[in-house]
Amino acid sequence: MNNNINFKELANKYQTPYYVYDFDYITKQYQELKEAFKARKSLISYAVKANSNLSVVKHLGDQGAGADCVSIGEVKRALKVGIPKYKIIFSGVGKTDDEIKQALEFDILMINVESEAELGRVELMAKELNKVARISIRVNPNVNPKTHPYISTGLHENKFGVDIDTSKRMYIKAKQSKNLEPIGIHCHIGSQLTHLEPIKEAINIVADLVRNLKSALKIELKFFDVGGGLGIVYNNEVLIDTNEYAQTVLEALFGIDITVICEPGRFIVGNSGIFVTKVLYEKVNGTKRFVIVDGAMNDLLRPSLYDAYHKIEVVGKSENNCDCNVVGPVCESGDFFAKNIELPMTQHNDLIAIYSAGAYGFTMASNYNTRGKVTEIAIEDGDDRMIRRREIFEDLIANEEEYIK
Ligand SMILES: *Cc1c(COP(=O)(O)O)cnc(C)c1O
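Residues numbered from 1 in each chain as written. Predicted model: local features only at pLDDT ≥ 70, side-chain atom pairs only at ≥ 80, totals over all residues. Heavy atoms only, no water.

Residues Leu351 and Ala353 point to one face of strand β15 (residues 351-354) and Ile352 and Ile354 to the other, with burial holding for every one of them. Inspection of the sheet shows strand β10 (residues 273-285) paired to β15 by 4 bridges, in the antiparallel sense. Bridge pairing in β15 places Lys278 opposite Leu351. With 3 bridges joining them, strand β12 (residues 312-314) and β15 adopt antiparallel strand pairing. Along β15, the bridge assignment pairs Val314 with Ile352. (Buried < 20%, exposed > 50% of the residue type's maximum accessible area, 1.4 Å probe, protein only. Helix = DSSP H or I, 4+ residues; strand = E, 2+ residues; numbered from the N terminus. Pairing = 2+ DSSP bridges.)

This paragraph deals with the sheet that holds strand β6 (residues 133-138). Spatial ordering of the closed barrel is given by β2-β3-β4-β5-β6-β7-β8-β9, a layout of 8 strands whose pairing is parallel. Each strand of the sheet is rotated relative to its neighbour by a mean of 30 degrees, with strand direction disregarded. Where strand β7 (residues 180-186) and strand β8 (residues 223-225) come together, 3 bridges link them in parallel fashion. In the sheet register, Ile185 faces β8, and the bridge partner there is Phe224. Running over the sheet, helix α2 (residues 23-36) touches β2 (42-47) and β9 (259-262) and is turned about 145 degrees from β2. (Axes fitted to C-alpha atoms, helices over the stretch in contact; angles between N-to-C directions. Contact = heavy atoms within 4.5 Å.)

Now for the site of the ligand. Around the ligand lies a shell of 14 residues, among which Lys49, Ser191, Glu263, Arg266 and Tyr360 are the nearest. Take Lys49: an N or O atom from its side chain is 2.8 Å from an oxygen atom of the ligand. If the ligand stood free it would expose 390 Å²; the protein chains cover 94% of that surface. Looking at the shell around the ligand, its residues break down into 3 nonpolar, 6 polar and 5 charged. (Near = heavy atom within 4 Å. Polar contact = N/O pair within 3.5 Å; in protein donor to acceptor, adjacent residues only side chain to side chain. Areas by Shrake-Rupley, 256 points an atom, 1.4 Å probe, with all protein chains shown as cover. Nonpolar A, V, L, I, M, F, W, Y, C, P; charged D, E, K, R; others polar.)

For the rest of this paragraph, the subject is the packing of helix α9 (residues 196-217) against helix α10 (residues 242-252). One can describe the packing of α9 onto α10 by two numbers: an axis separation of 9 Å at closest approach and a directional angle of 25 degrees. On the basis of their axis angle, the class for α9 and α10 is roughly parallel. Judged by the twist between their axes, the crossing of α9 over α10 is right-handed. The residues of α10 that touch α9, namely those facing Leu196, Ile199, Lys200, Ile203, Asn204, Ala207 and Arg211, are Glu244, Tyr245, Thr248, Val249 and Ala252. (Parallel < 35°, antiparallel > 145°, perpendicular 65-115°, else oblique. Left-handed = near helix turned anticlockwise from the far one by under 90°.)

Quick look at unusual backbone geometry now. Residue Pro17 is bonded to the preceding Thr16 through a cis peptide linkage, with omega at -10 degrees. Of note, Pro17 is situated in the loop between α1 (7-14) and β1 (18-22). At Asp307, a position not held by glycine, the phi torsion is positive, near 60 degrees. Along the polypeptide, Asp307 turns up in the loop between α12 (302-306) and β12. Of the residues examined, Asp307 reaches a relative accessible area of 62% and is grouped as exposed. Of note in the backbone geometry, Tyr360 takes a positive phi value of approximately 55 degrees without being a glycine. Look at Tyr360 and you get buried, because its relative accessible area is 12%.

Another aspect to go through is the pattern of salt bridges. By the definition in use, this model includes 21 salt bridges. Between Arg169 and Glu116 there is a salt bridge whose closest N-O contact spans 3.1 Å. Highlighted residues: Arg169 in helix α8 (residues 164-176) and Glu116 in helix α6 (residues 116-128), separated in sequence by 53 residues. By relative accessible area, Arg169 is classed as partly exposed at 45%. Residue Glu116 is classed as partly exposed on the basis of its relative accessible area of 38%. Across the salt bridge formed by Arg385 and Glu380, the nearest N and O atoms sit 2.9 Å from each other. If you follow the salt bridges from partner to partner, you end up with Lys85, Asp107 and Arg134 in one network. (Salt bridge = Lys/Arg side-chain N within 4 Å of Asp/Glu carboxyl O.)

Here we come to the domain arrangement of the protein. With domains assigned, the protein is organised as domain 1 (37-264) and domain 2 (271-397). Of the residues lining the interface, 12 residues belong to domain 1; the matching set on domain 2 comes to 15 residues. Of the roughly 1,200 Å² buried between domain 1 and domain 2, counting both surfaces, carbon and sulfur atoms make up 46%. Run the count over domain 1 and domain 2 and you get 0 salt bridges. In this assembly, domain 1 and domain 2 are joined by 7 residue pairs in polar contact (both at pLDDT 80 or more). Considered class by class, the residues forming the side of domain 1 that touches domain 2 number 5 nonpolar, 6 polar and 1 charged. (Domains from an automatic or database assignment. Buried area = accessible area lost by both parts, 1.4 Å probe.)

Moving on to the packing of α8 against α9. Where α8 meets α9, the closest approach of the two axes is 12 Å, and the angle between their N-to-C directions is 40 degrees. It follows that α8 is oblique to α9 by the angle criterion. When you trace α8 past α9, the crossing you get is right-handed. Residues Ile164, Ser167, Lys168, Tyr171, Ile172 and Lys175 of α8 pack against Ile205, Leu209, Asn212, Leu213 and Leu217 of α9.

Okay, here's the thing in structure tokens:
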């Protein structure tokens with residue numbers, strides 16, 4: 001995280017609230033992961049949903065990254081900024097026929113299939129277009145969440161992927177089909193992972209499946225996609241060591257000639273970004289102190305949605321801390337950035353920096369309360385530049401105005 005960003009200068013130049021992303025940090029994170037896998041052919045496929053700003057995606061594409069997409073819109077973003085089609089993967093449990101068709105027409109690397117029913121649709125769409133669909137299958141390795149309670153989200157993610165036996169049936173079907181070509185296998189067991197053990201367990205299960213497919217069914221896959229999910233520091237998390245992570249993957253794949261794909265989102269961009277908002281008022285209700293800022297849940301949803309922790313600082317102040325809630329102007333009690341944290345007393349127009357906001361920040365923003373989405377700024381080599389302009393009222397009504405009766 002870059003601590004030399006001059007938030008005040010940016011506020012004067014671009015107004016508040018804004019997101020600022022340190023592009024040099026993004027490069028560093030990408031390179032770190034790429035380097036960790038250097039013993040093998042690898043593709044770091046950036047999970048576009050974490051931060052899909054075109055300039056961010058292009059910046060990663062320029063380094064050599066591919067794109068992991070979960071809608072055809074994200075595929076189009078990746079293509080738009082020049083990510084080669086052979087580095088683009090399309091995942092997701094609910095692809096529409098139209099999305100599948102477009103992905104086939106774009107001729108991207110592969111469609112990551114998540115159910116038998118979907119495989120049937122992909123085959124049919126490919127047949128209609130007289131094409132061969134390159135596919136991977138997302139396997140749900142059913143890593144026992146009881147032994148690893150820290151990835152308990154794995155339990156709720158059962159909608160993702162298919163079990164091992166189903167995947168075998170699907171690979172057989174794909175191999176026999178004229179319109180399907182199985183080239184990859186995929187697993188992604190969750191997000192913000194901070195323990196290596198469940199990842200190791202999952203990857204070993206999938207690697208065994210790859211060996212089994214080859215020996216028993218003569219299906220040789222080219223791509224082993226280990227998913228994303230590497231955690232980052234929001235507060236005081238102890239992270240998985242990137243080299244250990246890569247080593248674990250490479251060891252699991254010993255003896256298999258296969259290209260590794262990794263799909264990090266949060267790891268690449270999470271700590272590149274800071275959401276900066278300005279203090280409007282302070283008030284005390286009874287004994288509760290509120291710091292009311294001009295940013296809100298529609299700009300950065302994670303605290304409201306996940307009760308997520310983001311480190312918060314008053315720019316240029318660190319004294320006289322006292323307990324408060326930091327809240328926005330949106331008409332919801334759920335509109336907060338932090339509850340019961342210690343912050344210095346603030347004045348009108350003081351800036352508040354909310355850290356670790358580069359992933360799942362802007363991409364989850366909405367126009368709730370008819371609030372325009374905020375400016376996004378890149379910092380690269382010490383220079384700042386706008387990468388998305390602030391939305392104005394006219395943007396917000398553009399798709400409605402002509403329909404007023
Ligand atoms: C969301 C997602 C990712 C990225 O997850 P992070 O936790 O941001 O690394 C990777 N792959 C798939 C299939 C995803 O859905």
